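# Coordinate inspection notes
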Amino acid sequence: MTALAHLGGTPPTTPAAPAPDRRRRHRLLPYLLLLPGAAWLLVFFALPLLQLAAASLYDPAGSLSTGYAMTWAVGNYPDALQAYWPQFLRSFLYSAIALVLALLMGYPLAYAIAQKAGRWKNLLLVAVVAPMFTSFLVRTLAWKTILSDNGALVGLLRDVHLLGPDGRLLATPVAVVLGLTYNFLPFLVLPLYASLERLDPRLLEAASDLYANPLRAFGRVTLPLSMPGLIAGTLLFFIPATGDYINAELLGTPNEYMIGNVIDSAFLVRLDYPQGAALSFLLMAAILAIVFTYLRRAGTEEVL
Amino acid sequence: MAQEAPAGDLRLADVTKRFGVFTAVDDLSLTVPQGSFFALLGASGCGKTTTLRMIAGLEAPTSGRVLLGDRDITGLRPYKRPVNTVFQSYALFPHLDIHENVAFGLRRRGIRKVGEQVERMLALVQLDGYGRRRPAQLSGGQQQRVALARALINHPQMLLLDEPLGALDLKLRRQMQIELKRIQAEVGITFLHVTHDQEEAMWMADTVAVMNAGRIEQLGAPADIYEYPASPFVANFLGQSNLIEAEVSGHDADDLLVTGHGYRFATPLERARSRQGPVWLGVRPEKLHLVADRTRVPDGRNAVSGVLTDICYAGVSTEFLLRTAWGQEMSVFTANNDPDARLVPGVEVTAHWHPRHSFVLPRDDSAGDDADGSATRPGATGGGRADGSPADGGVGVPPQRLEAAT
Amino acid sequence: MRRWLADRWVMGVALLVLGYLTLPILVVAGLSFNRPSSRLSYDFNEFTLDNWARPCATADMCDAVVRSMEIGLIATVVSTVLGTLMAFALVRHGFRGRSGINGLIFLPMATPELVMGTSLLALFVAAGVPQGFWTIVIAHVMFCVSFVVVTVKARLAGMDRRLEEAAMDLYASEWQTFRRITLPLVLPGIVAAALLAFSLSFDDFIITNFNAGTTVTFPMYVWGAAQRGIPPQVNVIGTAMFVIALLLVGASSLRGRRARRAALAVLATPAGKP
Ligand SMILES: Nc1ncnc2c1ncn2[C@@H]1O[C@H](COP(=O)(O)OP(=O)(O)OP(=O)(O)O)[C@@H](O)[C@H]1O
Ligand SMILES: [Mg+2]
C-alpha cells in the first residue's frame, strides 16, 4: 500500500492559528450581545433598588414637595415595622394559607393532566392557562360577583348553615385568601405539570410493584421526582402572592389589608417615601430570606 | 467547491487536539492518498470523530497542520473546504424536508436548479418518493441514507463518513457497503470512513488505520494488517488473536525460536517484530487445528495442549476454548464441515499450527507480569463463557500497557 | 368499586379545581351581557346586548385599551430583542461574569412586583423624570426581559449544535447558517417569548401603577373604575381578550405540530405573572 503514516519524521509542529481578528471578535461578541439587556436591567432594576435603599434612609420629616434630605435615618425601619407589623404578618399568613390550599388543589390537577389525561392533555392544559388569557383585575372583580351577598354561593352556604343568616364571604379574610389562591394557582400548576410530565409512567408501575401501597409509591417515587417543579411552583406562587394587594383591596376591607396596600398608599396617597421604601425593603428582604432558606433546604438553586 | 487548488492527498501533520487536560488526538500524522477508500478503525472514544472534525474544520487542532494537496487548510472555515461529512448522529435539519436537506449544499453554493440532481441522489440511496417528508418521519436507517445523499450530492473532493452505516440492519448495511464502494470507484472521491466494525473496515477499504488512544497503531492494506499485526492491540482489535507470553531463545536459518510456558515455538524471521528478550507469540484462531491425540501432531508444527472448556457453535464455524496448563484461554475456530465427535468439553486436546502462521511482537516486560495476553478480544467473547476475569487468565491486554510495546 | 374510585379520584379533584379556575371567566362572560342595576352593583340584573354593540360607550376605556396595546407592542419588541441576544450569549458563548449575569436575570423574577414598582418610582422621582407613557414602557421592558431570556434560553439549549456544524460543512457561511438553520429552529422559542412578554405587559397593574403618572392603561382604568363603579363594557373587553387568545391557540394547533408546540411552550413556560 502506498498510504504512509509518518510516525515521526514530519515537519515541525506549528500551532494552528486562525485569523486573529476573528478570534478577537469572537471573544468580544458575548459582551456585545449581553450589553443592551444587562445595561437595561442594571439601570432600571438594580439602580432603582439602590435608590430605594437610599430613600428608605431619608429624613422622614421631609416631603415630596420640599425634598428629602439624606440623614441615614435607620430609625425608619423600626418605625415602619412598629406601625404596620399586623399588615406585614398578615401578608405572610394569607399567602401561606393560600399556598397550602393551592398545593392541595394544584398537585392533583397537575398530576391528573400529566399522567391521567391522555388525549385530553392539551385541552386541560389550555383550561389551566385560560384564566391568564384575560385581565387579572377583571377576573378578580368577577369574584366580587361570585362571592356577593346576593349571590348563589352565599345563599347556598346560608341554607346549609355554613354561614349565619347575615354571614358573608365578600369583605372577609376568606375572600382574600380565596382570591390569592385563585390568582396564582396556575403558576404553581404549570412547573409542577412540567416535571410530572417527564415522569415515566413505568416508574410508577415499577414502584407499585416494589412498594405495593400507592401511598408509599407516591412518597418514594412521584413526590421526589416532582420536587424541582414543586419548588419552582411554590416560589412562583409565594413571591407574588405575598406582595399582592389587589385581592385585599378588591375582595377585602382595610381589616384585611396586606403590606402591599400599605406600601401603595405610602407612595401614592400619603407620599411618605421613606416609610414606603423602608417597608418595600423589609418585604423584599423577608421574601429573599425565605426563598433562599427554602432553596438551600430543598437542595437546589437551579429551579427558575 | 469547483475552483479547487490541485487536488491531492490529505495530510495530517503532527496534529494534536486537547480538551482541557485531556488529549483526544495525540500527535497524529497520517496521509490519505487521493482517491483511496480509507478506513479509520478504533475503539469508542479513541478520537476518530475528533480527527474527522479537524479535517472538516469543525474543530481547530491544538497544534499541527491539516493539508489538502499543497494547501494548508488548518485555519480554513468549514464552508470553504471541499470536504463533506456524513455525521455520526445524522444531523439532518428537522425543519426542512428531505428534498431540501439534500439540496442544502447545492443551494448554498448558489445553484438554482437542483430538482433533478436531488431526485437522482435520492434514487441512489433508495429513497425516491420520500422528498416531501420531514426527517422525524423516517426510520433511523432512512435518515442515515439521507445524510449520505446530502453529503454526496456536493461531489466533494473528500467525503468524511462517521459510522454512516451504524443504524442499518445487516442486509441494508451490506447493500449500502456495496453501494458506497461503487460510488467511490465511480466518482473517485477520497473516502475517509470511520467505523467500529472491523469486518466492514476490512471489507470496504483499501487502506485501514487502527487508532488507539489518540494515536495510529498500524496502517496498511487489510490483509497485511490482519496477517501481521503490529501490536497486541491491533492483533486483538482487528479480529482476534491468541497471544502467548514467551522469551526469544535463539534462531535457526529461517526461523526465530521462542520459548513460553515450557513450549518451544518457531516463527519465520520475517514475521518477527522483535528478535530478543520478552515477546508475545501470536496466532489467529482460525489457523489452529485441534487433535485429541497429542502424538498425531505433524512434525514441524507449533503446538499447545490444554483442556476444552467450552464449545460455541456460530453457524459457519465453531469456536473451541482451550484452557492451557497456565490458565490461559485459547480460542480455536474451525469450519463446520466435519465436526469431530471426540471434541467435547473436558477432554484433553492439542492445538497445532504451521510456524508461518505465527507472528512475534515485542513484549514490555514490566507490563507482562500479570497479564498473560490471552486470545480473546474483550467484547468478542461473552455469551456466558467463563472467561474475562483476571483469575481465569482470559484477559485482553489493557491498551495503556501497549503503548510502550509499539 | 374501590379500584374504580382509586383510579378516578385524582381526575375528579382535578376537574373540580379546573372548575374553580374557569368559574370567574364564565362570570366575566356572563356579566358582559348584563345591564347592571346601578354603577356600583356587581350582581346580575338583566340580559342585554348593548355592551357588545357599543363596547366603546365609555371612551376612556377604549383609549386605555389602545394605550395598553401600544405599550405592550413596544415593550414586547424591545424586550424580545434584548432578551434573545442575552440568551444567545448565555447559551452559545463563554465569558467572564456568567454568574453575575445569571443573578441579574434571576433577581427580577424573584423580586415582588411591588418592590420593582416602588424602586423605579423612587429612581424616577430622584432623577426628576416625568412619569408617563415612556416610563411605563421602560418598566415593562425591565420585567419582561428576564422571562424572554428564560424562554429563549430553554429553546436554544435544547437545540443540537451539530445541525449548525452540518450546515457549515455544507457550504453555509456563518450568516447563512444563522439565517437558514439557527433562526428557524429557535423561532418558536422567540415567538413564545414575545407572546409571553406581550401578555405580561398588557396585563400588568402593580408596576404600572407606580410609574404611570397620569397615563391610564387598561388595568389602571379597571382599578380606577372599581372605586367609582365598573362599566359593563370592561367585561366585554375581558371576554374578547379571552376569546382572541383562545382562537390564537386554536389556530396554531390547526397549523400543525410545530406551531402547537410553540403555543404550548408559551403556556407551559414555568414563569409568568398575572
Ligand atoms: N468537546 C469535547 N470536550 C471534551 N472532551 C471531548 C470533546 N469531544 C470529544 N471529547 C473526548 O475526546 C475523546 C475522543 O472523542 P471522539 O468523539 O473523537 O471519539 P470516537 O473515537 O469518535 O468515539 P466513538 O467511536 O464512540 O464515536 C473522547 O474521550 C471524548 O470524551
Ligand atoms: Mg465518533
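Please refer to the structure higher up on the page.
Notes on the structure follow. Source: prediction; values computed, not measured.

### With respect to the pairing of strand S9 (residues 207–212) of chain B
Residues and elements named next belong to chain B. The buried count for S9 comes to 6 of 6 residues, which makes it a mostly enclosed element. In this sheet, S9 lies alongside strand S3 (residues 37–42) in parallel orientation, the contact comprising 5 bridges. The partner of Phe38 across the bridge, within S9, is Thr207. Pairing of S9 with strand S10 (residues 215–220), which is carried by 5 bridges, proceeds in the antiparallel orientation. What sits directly across from Val210, in S10, is Gln218.

### So, a nonpolar patch on the surface
Residue and element names in this part refer to chain A. Residues Leu28, Leu29, Tyr31 and Leu32 make up a contiguous nonpolar surface patch of roughly 370 Å² in combined accessible area. Mapped onto the elements, Tyr31 comes out in helix H1 (residues 20–55). By relative accessible area, Tyr31 is classed as partly exposed at 37%.

### Observations concerning the site of ligand 1
Residues and elements named next belong to chain B. As a matter of local geometry, ligand 1 sits amid 13 residues, with Ser44, Gly45, Lys48, Thr49 and Thr50 nearest to it. Between ligand 1 and Lys48 there is a distance of 2.7 Å, counted from an oxygen atom to a side-chain nitrogen or oxygen. Between Gln88 and ligand 1, the recorded distance is 3.0 Å, taken from a side-chain N or O atom to an oxygen atom. Within the complex, 63% of the 630 Å² of free accessible area of ligand 1 lies under protein. Those elements that place two or more of their residues in the shell around ligand 1 are strand S2 (22–32) and helix H1 (48–56). The biggest single contributor to the shell around ligand 1 is H1, with 3 residues.

### Notes on the environment of Asp14(B)
Following the sequence through the fold, Asp14(B) ends up in strand S1 (residues 10–19). As a C-alpha pair, Asp14(B) and Phe37(B) span 23 residues in sequence and 22 Å in three-dimensional space.

### Description of the sheet that holds strand S17 (residues 317–324) of chain B
Residues and elements named next belong to chain B. Within the open sheet, the 5 strands sit side by side as S15-S19-S16-S17-S18. Their pairing is antiparallel. What marks the edges here is a single partner per strand, and that holds for strand S15 (289–291) and strand S18 (329–335). Each neighbouring strand pair of the sheet contributes to a mean axis angle of 45 degrees, computed without reference to strand direction. As paired strands, S15 and strand S19 (residues 348–353) are joined by 3 bridges and run antiparallel to one another. Paired with Leu290 across the strands is Ala351, a residue of S19.

### A few points about empty space enclosed by the protein
Throughout the structure, instances matching the rule amount to 7 cavities of 30 Å³ or more. Taken as a whole, the largest cavity spans an internal volume of roughly 150 Å³. Taken together, 15 residues form the lining of the largest cavity, with Leu31(C), Ser41(C), Tyr42(C), Ile230(C) and Asn235(C) sitting closest to its centre. Taken together, the elements giving at least two residues each to the lining of the largest cavity come down to helix H4 (136–146) of chain A together with helix H11 (233–254) of chain C. Broken down by element, the lining of the largest cavity gets its largest block of residues, 4 residues, from H4(A).

### Considering the packing of aromatic side chains
Residues and elements named next belong to chain A. Inspection of every chain in the model, using the stated rule, returns 30 aromatic pairs over all chains. Aromatic pair Phe92 and Phe238: ring centres 6.2 Å apart, planes at 45 degrees, arrangement tilted. Note that Phe92 is positioned in helix H2 (residues 76–116) and Phe238 in helix H9 (residues 227–243), a separation of 146 residues in sequence. A relative accessible area of 9% means that Phe238 is categorised as buried.

### Some details on the interface of chain C and chain B
Accessible area lost upon the coming together of the parts serves often as the stated size of an interface. Each partner contributes residues to the interface: chain C has 18 residues there, and chain B has 26 residues. Buried surface at the junction of chain C and chain B, summed over both partners, amounts to about 2,100 Å²; 61% is from carbon and sulfur atoms. Sorting the residues of chain C by area buried against chain B places Asp169(C), Leu170(C) and Tyr171(C) first, and these three jointly supply 39% of that buried surface. Our enumeration of links across chain C and chain B arrives at 2 salt bridges. Across the pair Arg53(B) and Glu165(C) runs a salt bridge, and its minimum N-O distance is 2.5 Å. Inspection of the chain C/chain B interface yields 9 residue pairs in polar contact (both at pLDDT 80 or more). Of all the secondary structure elements, the ones that give two or more residues to the side of chain C that touches chain B are helix H7 (161–169) and helix H8 (174–203) of chain C. The greatest single-element share of the side of chain C that touches chain B, amounting to 7 residues, is contributed by H7(C). Class assignment of the residues belonging to the side of chain C that touches chain B gives a composition of 10 nonpolar, 2 polar and 6 charged.

### A closer look at the coordination of the magnesium ion (ligand 2)
All names here are of chain B. Within the protein, Thr49 (OG1) and Gln88 (OE1) serve as the donor atoms for the magnesium ion (ligand 2), at 1.8 to 2.4 Å. Taken together, the residues Thr49 in helix H1 and Gln88 in the loop between strand S6 (83–86) and helix H2 (98–108) connect sequence positions 39 residues apart. Taking the relative accessible area as the measure of exposure, Thr49 reaches 28% and is therefore partly exposed.

Calculation rules
- Residues numbered from 1 in each chain as written.
- Chains lettered and ligands numbered in written order.
- Predicted model: local features only at pLDDT ≥ 70, side-chain atom pairs only at ≥ 80, totals over all residues.
- Heavy atoms only, no water.
- Buried < 20%, exposed > 50% of the residue type's maximum accessible area, 1.4 Å probe, protein only.
- Helix = DSSP H or I, 4+ residues; strand = E, 2+ residues; numbered from the N terminus.
- Pairing = 2+ DSSP bridges.
- Patch = residues over 30% accessible without salt bridge, like charges linked within 9 Å, V, L, I, M, F, W, Y side chains within 5 Å.
- Areas by Shrake-Rupley, 256 points an atom, 1.4 Å probe, with all protein chains shown as cover.
- Salt bridge = Lys/Arg side-chain N within 4 Å of Asp/Glu carboxyl O.
- Near = heavy atom within 4 Å.
- Polar contact = N/O pair within 3.5 Å; in protein donor to acceptor, adjacent residues only side chain to side chain.
- Axes fitted to C-alpha atoms, helices over the stretch in contact; angles between N-to-C directions.
- 1 Å grid on protein atoms, 1.4 Å probe; cavity = no way out; pocket = protein on both sides within 12 Å on 5 of 7 lines; lining within 4 Å.
- Points joined across faces, edges and corners; volume = space filled by probe spheres on them.
- Phe/Tyr/Trp six-rings, centres within 6.5 Å; stacked < 30°, edge-to-face > 60°.
- Contact = heavy atoms within 4.5 Å.
- Buried area = accessible area lost by both parts, 1.4 Å probe.
- Nonpolar A, V, L, I, M, F, W, Y, C, P; charged D, E, K, R; others polar.
- Donors = N, O, S within 2.8 Å, 3.2 Å for Na, K, Ca; no water.

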